[in-house]
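One letter stands for each residue in the lines below.
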Amino acid sequence: MAAQRSGAAGVAAGDDADRARLRQLGYKQELKRGLGVVSNFAFSFSIICVMAGVTTTYNAGLRYGGPASMTLGWLVVAFFNGCVALSMAEICSAYPTSGGLYYWSAKLAGDKWAPLASWITGWFNLVGQWALTTSTDFSLAQLVQVIILLGTGGANGGGYMASKYVVLAIHGSLLILHGLINSLPIRWLSWFGHLGAFWNTAGAFVLVIMIPVVAKERASVEFIFTHFNTDNDMGIHDKAYILAVGLLTSQYSLLGYDASAHMIEETKNADWSGPIGIITSVALSTVFGWIFLVALTSIMTNIPYLLDPRNDAAGYAAAQALYTAFHQRYGSGVGGLVCIGIVAFGIFLAGVACVTSNSRMGYAFSRDKAMPFSHVWHRVSRNEVPLNVVWLCVVVAFIMALTSLGSQVAFQAMVSIATLGQYISYVLPIFFRVTTARRSFSPGPFHLGRYSIVIGWAAVLWVALLTVLFSLPVAYPIAKDNFNYTPVAVGGVLLLSAGSWVFHARFWFKGPIVNVDM
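Residues numbered from 1 in each chain as written. Predicted model: local features only at pLDDT ≥ 70, side-chain atom pairs only at ≥ 80, totals over all residues. Heavy atoms only, no water.

(A) Quick look at the overall build of the protein. Looking only at helices and strands, the protein has 21 helices and zero strands in total. In terms of overall size, the protein behaves like a compact globule, its C-alpha atoms giving a radius of gyration of 23 Å where 518 residues would be expected to give roughly 24 Å. By principal-axis analysis of the C-alpha atoms, the protein measures approximately 70 × 60 × 45 Å. The buried share among the 518 residues of the protein stands at 58%. The long-range fraction of contacts in the protein, counting pairs at least 24 apart against all pairs at least 6 apart in sequence, stands at 82%. Counting every atom, the protein has about 20200 Å² of accessible surface; 67% of that belongs to carbon and sulfur. (Helix = DSSP H or I, 4+ residues; strand = E, 2+ residues; numbered from the N terminus. Rg over C-alpha atoms; globule rule 2.2 N^0.38 Å. Buried < 20%, exposed > 50% of the residue type's maximum accessible area, 1.4 Å probe, protein only. Contact = heavy atoms within 4.5 Å. Areas by Shrake-Rupley, 256 points an atom, 1.4 Å probe, with all protein chains shown as cover.)

(B) Fine view of helix 18 (residues 387-401). For helix 18, built from 15 residues, the straight-helix expectation of 21 Å at 1.5 Å per residue is met to within 8% by its first-to-last C-alpha distance of 22 Å. Of all the residues in helix 18, the buried ones are Val389, Val390, Leu392, Cys393, Val394, Val396, Ala397, Met400 and Ala401. (Expected span 1.5 Å × (residues − 1).)

(C) Representation of the pattern of salt bridges. Counted by the stated rule, this structure contains four salt bridges. Between Glu265 and Arg367 there is a salt bridge; the shortest N-O distance is 2.8 Å. Taken together, the residues span a long stretch of sequence, with Glu265 in the loop between helix 12 (259-262) and helix 13 (270-297) and Arg367 in helix 16 (residues 334-367) at a distance of 102 residues. Judged by relative accessible area, Glu265 falls into the buried class, the value being 0%. You can call Arg367 buried: its relative accessible area is 5%. The residue Glu266 makes a salt bridge to Arg360 at a minimum N-O spacing of 3.0 Å. Taken together, the residues Glu266 in the loop between helix 12 and helix 13 and Arg360 in helix 16 connect sequence positions 94 residues apart. (Salt bridge = Lys/Arg side-chain N within 4 Å of Asp/Glu carboxyl O.)

(D) Region of the structure containing unusual backbone geometry. Backbone geometry at Asn269 places phi at a positive 50 degrees, although glycine is not the residue there. For Asn269, the position within the fold is in the loop between helix 12 and helix 13. Taking relative accessible area as the criterion, Asn269 reaches 43% and is therefore assigned partly exposed. Unlike most non-glycine residues, Ala314 shows phi in positive territory, near 60 degrees.

(E) Structural view of the environment of Val376. If you trace the backbone, Val376 turns up in helix 17 (residues 374-377). Classification of Val376 as partly exposed rests on a relative accessible area of 22%. Put simply, Val376 and Lys510 are 134 residues apart on the chain and 20 Å apart in space, counted from C-alpha to C-alpha.

(F) Geometry of the side chain of Thr121. As for its position among the elements, Thr121 is in helix 6 (residues 114-151). Classification of Thr121 by relative accessible area gives buried; the value is 0%. Residues within four places of Thr121 in sequence aside, it is in contact with Leu101, Tyr102, Ser105, Ser425, Leu428 and Pro429.

(G) Here's a closer look at the packing of aromatic side chains. Scanning the model with the defined rule gives 24 aromatic pairs in all. An aromatic cluster of at least three residues, connected via ring pairs, comprises Tyr102, Trp119, Trp123, Trp130, Phe365, Trp501, Trp508 and Phe509. (Phe/Tyr/Trp six-rings, centres within 6.5 Å; stacked < 30°, edge-to-face > 60°.)

(H) Fine view of the confidence of the model for the protein. Mean pLDDT over the protein works out to 86, with 93% of the residues at or above the 70 mark. Taken element by element, the predicted model of the protein shows its lowest mean pLDDT in helix 1 (residues 2-24) (60) and its highest in helix 7 (residues 164-181) (94). Segment residues 1-12: pLDDT under 50, and zero contacts once partners within four positions in sequence are set aside and those in other chains are kept. (pLDDT = per-residue confidence, 0-100.)

(I) Examining the packing of helix 3 (residues 50-64) against helix 16 more closely. Where helix 3 meets helix 16, the closest approach of the two axes is 8 Å, and the angle between their N-to-C directions is 115 degrees. In terms of axis orientation, helix 3 runs roughly perpendicular to helix 16. Considering only the axes of helix 3 and helix 16, their crossing is left-handed. Residues Met51, Ala52, Thr55 and Thr56 of helix 3 form the contact with helix 16, whose own contacting residues are Ile342, Val343 and Ile347. Of the residues assigned to the contact of helix 3 with helix 16, the class counts are five nonpolar, two polar and no charged. (Axes fitted to C-alpha atoms, helices over the stretch in contact; angles between N-to-C directions. Parallel < 35°, antiparallel > 145°, perpendicular 65-115°, else oblique. Left-handed = near helix turned anticlockwise from the far one by under 90°. Nonpolar A, V, L, I, M, F, W, Y, C, P; charged D, E, K, R; others polar.)

(J) Structural view of the nonpolar core. Counting residues in each nonpolar core, the largest one holds 155 residues, and the members touching the most others are Val84, Tyr95, Trp104, Trp130, Tyr257 and Leu296. Filtering out sequence-adjacent residues up to four positions away, Trp104 remains in contact with Met88, Ile91, Cys92, Tyr95, Ala261 and Pro429. (Core = buried A, V, L, I, M, F, W, Y, C linked by side-chain atoms within 4.5 Å.)

(K) Quick peek at the side chain of Ser281. Looking at the secondary structure, you find Ser281 in helix 13. Judged by its relative accessible area of 0%, Ser281 is buried. When neighbours within four sequence positions are excluded, Ser281 is seen to be in contact with Phe41, Ser44, Phe45, Ile48 and Tyr257.

(L) Local environment of the state of the cysteines. Taken as a whole, this structure holds zero disulfides when the rule is applied. Summary of cysteine pairing: Cys83 is not part of a disulfide, and the nearest cysteine sulfur, belonging to Cys92, is at 18 Å. In this model Cys339 remains outside any disulfide bridge; the closest cysteine sulfur is found in Cys49, 15 Å from its own. (Disulfide = S-S within 2.5 Å.)

(M) Examining helix 4 (residues 67-94) more closely. Relative to the 40 Å expected for 28 residues at 1.5 Å per residue, helix 4 spans 40 Å between its end C-alpha atoms, a close match to the ideal helical length. Taking the largest bend as the criterion, helix 4 deviates by roughly 30 degrees, centred on Gly73. The buried count for helix 4 comes to 22 of 28 residues, which makes it a mostly enclosed element. (Bend = angle between axes of the 7 residues up to and from the residue.)

So, in structure tokens, the structure goes:
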């Protein structure tokens, strides 16, 4: 009994320390602290979901880059993305609030620039998260359509090909389901986070073993690590250019780990658990993702056929490769459908975590009155869940998906906004950390010591390079069907956020607002 009382006292002391630290940062405790370090990690790991990122962007990587651009590009991305994650973890330890990135920018940019830095960072992060939720659930809707198509005979066997309106309806249904799940108390959300982490690990493990064992035809090691798709119909033949453009698959697959920061006001021992959640989710996703990517690439033996919209999977390369591998071995593609189903459920759980992270960011941003109708989105339900902003995320993600009705190419801009929008918001506070706050930064329990500045600059320069690379044309000659909308989409976010600042927000937004008596 004495041990139990001692343990309870320790938990209470930890909660008191978290509340006290949050109060020092200017906020009162409104959300329930029901997460431990494992649960915090699980949300980021579930959002990253490398099976989802690799599978849903594999077509683009295969078409614009080829196997080498993905397998070798992953290693390049892993190194520099690790620098971003480490720098974010260090700042997260110093400022454990749900606002995360925009709050960090406000504290690190200096008094003069704090409001503007906070405003731009916050809107890039929020819009990037909306786009990530949109692209995650829409990619799942597309995969569900492919499963139905293959399950009913395939495109060449009379299978059911859903129209773009049906796919959009599936997308909307998934969003509603994710909204309902996110309306549950945090203890239930924690369970979904744990399930997502387990599924990512177990699912990737099963597929990595199953894929090469089942496949009768496998690509050579040389093909996997040295082949660039220079024979594509995109008009791009330079290997360096192909490698650069093909990095999008790897970069998109390692995205969303700011969830650990946005869940931090619901996490115990926050200034340590949050940073560890960021680092471990990125490290494990990097390793598992690369192994899964190599295993999947090992069955990509006929690139033109896999990308051909006239194949059974209607040009969905990863699904067609899995379906073909099982069909060749067993005379039936059912096993391939099971593998695709494993990926699909992983994406579903990633979608749950996306809405969770998105809603916590929206809750914090509205708490600082940075969103229109902030008083509505800041409300917390009796279950201590920011219910209104959960459903705002659902509605906005559906509206953003309406671009798919006009053009699939235009919808790819959602992936670009999700990737670059998020990474720009990741790197802005890091930039302020290594410039304006180089000498004034006071680290938390997790810090990088003397390597902090070097790692921070590596992260800043990497995201600057990505912004240029992902804005380059992906095909020549440039036409409306292959136009890269990334600079338009990301530039639009910058223009709207900067414009709203100049003409409106600069007169009233002063950065994070203290809502407690200091």
